[in-house]
Amino acid sequence: MRQLIGADPGTPGGPGTLEWLAEAYAYPDGGRWLRANMVTSLDGAARLDGLSEGLSGEADKRIFGVLRALCDVVLVGAETVRAEGYRPGRARAEFAERRAAAGQLPAPVIAVVTRSLDLDLSAPLFTEPLVPTVVVTTVDAPPDRLARTAERADVITAGTGSVDLPRAVAALTERGWRRQLSEGGPRLLGQLAAEGLLDELCLSVAPLVTAGDSPRIVNGPQIPHVRPMRLVSLIEQKGFLFTRYLRATDPDRSPNDHDLTGDAS
Ligand SMILES: NC(=O)c1ccc[n+]([C@@H]2O[C@H](COP(=O)([O-])OP(=O)(O)OC[C@H]3O[C@@H](n4cnc5c(N)ncnc54)[C@H](OP(=O)(O)O)[C@@H]3O)[C@@H](O)[C@H]2O)c1
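Computed from a predicted structure; not experimentally measured.

For this particular structure, what's the right way to read the sheet that holds strand E1 (residues 2–5)?
Across a sheet, paired strands are connected by hydrogen bonds in the backbone, their directions being either parallel or antiparallel. Judged by pairing direction, the sheet is mixed, and its ten strands sit side by side in the order E1-E9-E10-E8-E2-E7-E3-E4-E5-E6 without closing on themselves. Single-partner strands in this sheet number two, and they are E1 and strand E6 (154–157). Adjacent strand axes in the sheet meet at a mean angle of 20°, parallel and antiparallel pairs treated alike. Across six bridges, strand E8 (residues 200–206) lies against strand E10 (residues 240–247) in antiparallel orientation. Opposite Glu200, over in E10, you have Leu246 as the bridge partner.

Structure below.
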């Protein structure tokens, strides 16, 4: 693994090590920060044969694991949970000290966004989590399903008809989970982006051309006021590119104007 653009945290061992990646992808100090982590093919597919797995690779999985280990909460759409058979977050020994020092729970909380509450409550995500799984739904969700879900999960309600994502994100922040990570899927990410909630996008580009009818990694109506993002890090391994883009704070900034300091302010 080699870093082509971005600040080198100088951790011994370089970009391939967990220590280096943990420093390079550290959340900024301060308030709530929502990062999304997604993988795409060269031609923009968000899935291959129905899953993201076919687009991923060894280094992508390594970075995926580090980003999970750094966050307080993973925000994910119910379709991704159903399609990919989501399991609870793990406590990883390599990150135990770091998480304890940061006042974090031993494992990230998985927060599932759903309108239907069509979730398999007998799955390990609800029966074996190290930290309780959160279900984020609407105030008018089906009452019987809501009652059953509340027996197995910490339920947050925000919005009627559709989850009000700014309120949902605020509710997660109020629980003390300011380091937020969205793992998609594309439809949830489309809304997070449209609501202006996305501070950072970590996009892995797989060296594959797939065609097909897969959606892009952000799926939804066109965002009314498209703003450039700025590139702060680019890592390469075996033809995969691992990009890290931050929300541009200066609207006059060119999208090609990357900041070599990696300063997230
Ligand atoms: N390339 C990647 O990095 C990546 C990452 C993740 C997933 N994926 C792939 O993407 C596919 C799934 O993504 P997707 O875009 O179809 O679905 P998704 O975003 O994972 O989930 C959509 C579902 O989330 C719930 N939801 C989203 N926004 C909501 C809102 N505002 N209010 C209430 N509920 C809301 C609804 O659940 P209910 O239906 O339960 O109401 C909706 O059907 C899978 O094939 C997966 O493998 C790829």
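Where do I start with the site of the ligand in this structure?
Every one of the 25 residues lining the ligand counts as a neighbour, but Ala46, Thr80, Glu84, Thr114 and Arg187 are closest to it. Between the ligand and Ser116 there is a distance of 2.7 Å, counted from an oxygen atom to a side-chain nitrogen or oxygen. Within the contact set of the ligand, an oxygen atom lies 2.7 Å away from a backbone nitrogen or oxygen of Arg187. For the shell around the ligand, the elements supplying multiple residues, two or more each, are strand E2 (33–41), helix H3 (78–84) and helix H8 (186–194). The element that contributes the greatest number of residues to the shell around the ligand is H3, accounting for five residues. Broken down by class, the residue content of the shell around the ligand amounts to nine nonpolar, nine polar and seven charged.

What counts and what doesn't
Residues numbered from 1 in each chain as written. Predicted model: local features only at pLDDT ≥ 70, side-chain atom pairs only at ≥ 80, totals over all residues. Heavy atoms only, no water. Pairing = 2+ DSSP bridges. Helix = DSSP H or I, 4+ residues; strand = E, 2+ residues; numbered from the N terminus. Axes fitted to C-alpha atoms, helices over the stretch in contact; angles between N-to-C directions. Near = heavy atom within 4 Å. Polar contact = N/O pair within 3.5 Å; in protein donor to acceptor, adjacent residues only side chain to side chain. Nonpolar A, V, L, I, M, F, W, Y, C, P; charged D, E, K, R; others polar.

None of the figures reported here should be taken as evidence of function without further support.
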